[in-house]
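# Inside the fold
One letter stands for each residue in the lines below.
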Amino acid sequence: MKKIQMVDVRSQYLKIKDEVDAGIMEVIDSCAFINGPKVKELQSNLEEYLSVKHVIPVANGTDALQIAVMALDLKVGDEIIVPAFTYAATAEVVGLLGLRPIMVDVDLSTFNVRIEDIQPHITSKTKAIIPVHLFGQTANMEEICEFAKEHNLYVIEDNAQAIGADCYFKDGSSKKSGTVGDIGCTSFYPSKNLGAYGDAGAIFTNDDELARKIRMIANHGQVSRYYHDVLGCNSRLDSIQAAILSVKLKHLDEFNLNRKKAAEFYDAHLSKIDQIELPYRSDDSNHVFHQYTLKVKDGRRNQLKEYLDECGIPSMIYYPVALYKQKAFSSYVSEDFSLPNTKILCDQVISLPMHSELTQEQQSFIVNKLEAFFKG
Ligand SMILES: Cc1ncc(COP(=O)(O)O)c(C=O)c1O
């Protein structure tokens, strides 16, 4: 059996090697390494795939979030609601810009923020919400956007983990995740559902004025070459990554379908184990399984991780420590600050290998070992 990987970037590359290699060679032949035609091609390919008016490719997902927040023209001390159960980047950029990340709890089933988590934290300084579509399933964007409208708040979707997912609305319509709020941000980190072969990211918006500002900020605040209207940053996506991403975008739905099938296999074979809770599927979006994350209910999560390591099965704890427990964020909370669901999740979650190239042989091995652990 091929060695099991948490994410098997290499096996996926080998399947699309000819296309990827040709794209890379085209960039090298052209020597248009920065802002070349491949970046523009990716931009329009993504605009079409996502049905969104503007895509602004940037250097990585963290920059995408930072630039999105910068484009809102907020004042030092303004507050932005973020989930406490997410990757640090979501809240980090808020703090870096002199704003206050207000960390809120998440739902125990979906791992995402809900209105009841957000509502109690709204103050006169609240200016935006950053819902994170964690592990490949979106937050309820219809409810969040309605709430944001009532309270005059911006919504920036952190779509780093859910590219390709669809948000469903009560009237039967749907939109791609990342295109529902005012701004959507994504990461193309190599292990993401749409992963580059290096760092990369993008920002999405249907708002012309926000798009103009975002483009300007991402390019040193320039309106035209050597004319700088605002302080910006250098966040360019390089053309080689863009070429790779355009090739992989063509396969994204197929990759996401493979992830879904792998999740269904896990579901079917793990549902009999009483000590674990399987990933929940909400009705308001489809899950693209960036991660397949279990909750271990019998207190043995860490033992399970050690056991899987011994069996040669990689696993990950996303996330072992809530953001409000991290030293970096300690100035934003009191010492006894705690969010009950986030705390439970940090203690119980474990993510199993999940990618588009998992074989049935590998998955059978994984589920057999899990069964053996909980029987033993
Ligand atoms: C939820 C979330 N937000 C933001 C990021 C940051 O993306 P990047 O690593 O491309 O800067 C990540 C990536 O790991 C992420 O998972």
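Bear in mind that the values here come from a model prediction, so they are computed numbers and not experimental data.

### Brief notes about the packing of helix H2 (residues 17–30) against helix H9 (residues 239–270)
To characterise two packed helices, one gives the angle between the axes of the helices and the distance between these axes. Between H2 and H9, the least distance of the axes is 8 Å, while the angle of their chain directions is 150°. Looking at the two axes, H2 sits roughly antiparallel to H9. The hand of the H2/H9 crossing is right-handed. Residues Glu 19, Val 20, Gly 23, Ile 24, Val 27 and Ile 28 of H2 form the contact with H9, whose own contacting residues are Ser 239, Ile 240, Ala 243, Ile 244, Val 247, Lys 250 and His 251. Among the residues forming the contact of H2 with H9, the class breakdown is eight nonpolar, three polar and two charged.

### Side note on the sheet that holds strand E9 (residues 201–205)
With mixed pairing, seven strands are arranged side by side in an open sheet as E1-E9-E8-E5-E4-E2-E3. With one partner strand each, in any of the chains shown, strand E1 (54–58) and strand E3 (100–104) form the two edges of the open sheet. Averaged over all pairs of adjacent strands, the angle between their axes in this sheet comes to 25°, without regard to strand direction. Contacts between helix H7 (residues 141–150) and the sheet are confined to strand E4 (126–129) and strand E5 (154–158), with E5 contributing the most and set at about 155° to the helix.

### Considering the site of the ligand
Contacts to the ligand come from 14 residues, most closely from Gly 61, Thr 62, Asp 158, Ser 187 and Lys 192. At 2.8 Å from an oxygen atom of the ligand is found a main-chain nitrogen or oxygen belonging to Gly 61. Contact between the ligand and Gln 161: an oxygen atom at 2.9 Å from a side-chain N or O atom of the residue. The set of elements that each furnish at least two residues to the shell around the ligand consists of helix H4 (61–70) and helix H5 (89–96). If one sorts the elements of the shell around the ligand by residue count, H4 sits on top with three residues. By residue class, the composition of the shell around the ligand is five nonpolar, seven polar and two charged.

Rules and cut-offs
Residue positions are given per chain, counted from 1 along the sequence in the order it is written. Confidence filtering applies because this is a predicted model: local features only for residues at pLDDT of at least 70, side-chain atom pairs given and counted only at 80 or more, and all residues used for totals across whole chains, interfaces and linings. Side-chain measures were taken over the full set of non-hydrogen atoms in the model, leaving aside hydrogen atoms and water. Axis geometry follows a simple rule: fit a line to the C-alpha atoms, using only the stretch in contact for helices, then measure angles between N-to-C directions, giving values from 0 to 180 degrees. In this description a helix means any DSSP run of H or I spanning at least four residues, a strand means any run of E spanning at least two, and both kinds are numbered starting from the N terminus. Roughly parallel covers angles under 35 degrees, roughly antiparallel covers those over 145, roughly perpendicular covers 65 to 115, and oblique covers all other angles. Note: crossing handedness is left-handed where the near helix turns anticlockwise from the far helix by less than a right angle, and right-handed where it turns clockwise. Throughout, a contact is declared for two residues whenever any of their heavy atoms are within 4.5 Å. Polarity classes work like this: nonpolar for Ala, Val, Leu, Ile, Met, Phe, Trp, Tyr, Cys and Pro, charged for Asp, Glu, Lys and Arg, and polar for all others, with Gly in that last group. Strands are labelled as partners when DSSP assigns at least two bridges between them. Residues are counted as near a molecule or strand when any one of their heavy atoms sits within 4 Å of it. Distance and chemistry together define a polar contact, namely a pair of N or O atoms within 3.5 Å, with one atom able to donate a hydrogen and the other to accept it when in protein, and with adjacent residues in sequence counting only for side-chain atoms on both sides.

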